[in-house]
Amino acid sequence: MPQIIPIRDLKNTSEISELCHAAGEPIFVTKNGYGDMVVMSMEAYEKRMRMLDIYTKLAAAEEQIKAGKVRDAEGSTKELRKKYGL
């Protein structure tokens, strides 16, 4: 379940840091009752960025498949063996 804190709680940075690391997910910060910012640990950020990179590469692969820019494994293997004399 997402954690939501008011912006005034950001004054205690060490508690926010501990909360970010304990939660392992983004913490939503509100201002005047409305969403304003998101705070997360570096580990959570890096994990999300890695997943975004994977999803981006998967989407590109799906587009290549739809465009017919694929080759079967057997033909590719034969071509590589011939090219490198294996």
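Our structure's up above, just so we're on the same page.
Here the residue numbering is sequential within each chain, running from 1 through the sequence in written order. Thresholds applied to this predicted model are a pLDDT of at least 70 for local features of residues and 80 or more for the giving and counting of side-chain atom pairs; totals over whole chains, interfaces and linings are not thresholded and use all residues. Calculated side-chain values reflect all of the structure's heavy atoms, with hydrogen atoms and water omitted.

J.: Could you give an account of the pattern of salt bridges, with specific residues and numbers?
T.: The salt bridge criterion pairs a side-chain nitrogen of Lys or Arg with a carboxyl oxygen of Asp or Glu, the two atoms within 4 Å. What the rule picks out here adds up to three salt bridges. Between Lys57 and Asp53 there is a salt bridge, and its shortest N-O distance comes to 3.2 Å. Placement of both Lys57 and Asp53 in helix α2 (residues 42–66) is noted, with a separation of four residues, approximately one turn of the helix. Classification of Asp53 as partly exposed rests on a relative accessible area of 37%. Notably, a salt bridge pairs Lys78 with Glu74, separated by 3.3 Å at the nearest N-O pair. Highlighted residues: Lys78 and Glu74, both in helix α3 (residues 73–84), separated by four residues, approximately one helical turn. Exposure classes here rest on a 1.4 Å probe applied to the protein chains alone. A residue is buried below 20% of its type maximum, exposed above 50%, and partly exposed in between. Note on Lys78: relative accessible area 54%, which makes it exposed. The class for Glu74 is exposed, based on a relative accessible area of 56%. A run of H or I in DSSP counts as a helix once it spans at least four residues, and a run of E counts as a strand once it spans at least two, with each numbered from the N terminus.

J.: An account of the sheet that holds strand β2 (residues 27–31) is needed here, citing residue identities and associated values.
T.: The strands that make up a sheet pair up through hydrogen bonds in the backbone, lying either parallel or antiparallel. Strands sit in the order β1-β2-β3 across an open sheet of three strands; the sheet is mixed. Of all the strands in the sheet, the pair left with one neighbour each is β1 (3–6) and β3 (34–39). Shown here is a sheet whose adjacent strand axes are inclined to one another by a mean of 35°, direction ignored. We call two strands paired when DSSP finds no fewer than two bridges between them. As paired strands, β2 and β3 are joined by five bridges and run antiparallel to one another. Paired with Lys31 across the two strands is Tyr34, which belongs to β3. Sheet contacts for helix α1 (residues 13–23): β1, β2 and β3; angle to β1, the most-contacted strand, approximately 170°. Every axis in this analysis is a line fitted to C-alpha atoms, fitted for helices over the stretch in contact. Angles between the N-to-C directions lie between 0 and 180 degrees. Pairs of residues are marked as contacts when any of their non-hydrogen atoms sit within 4.5 Å.

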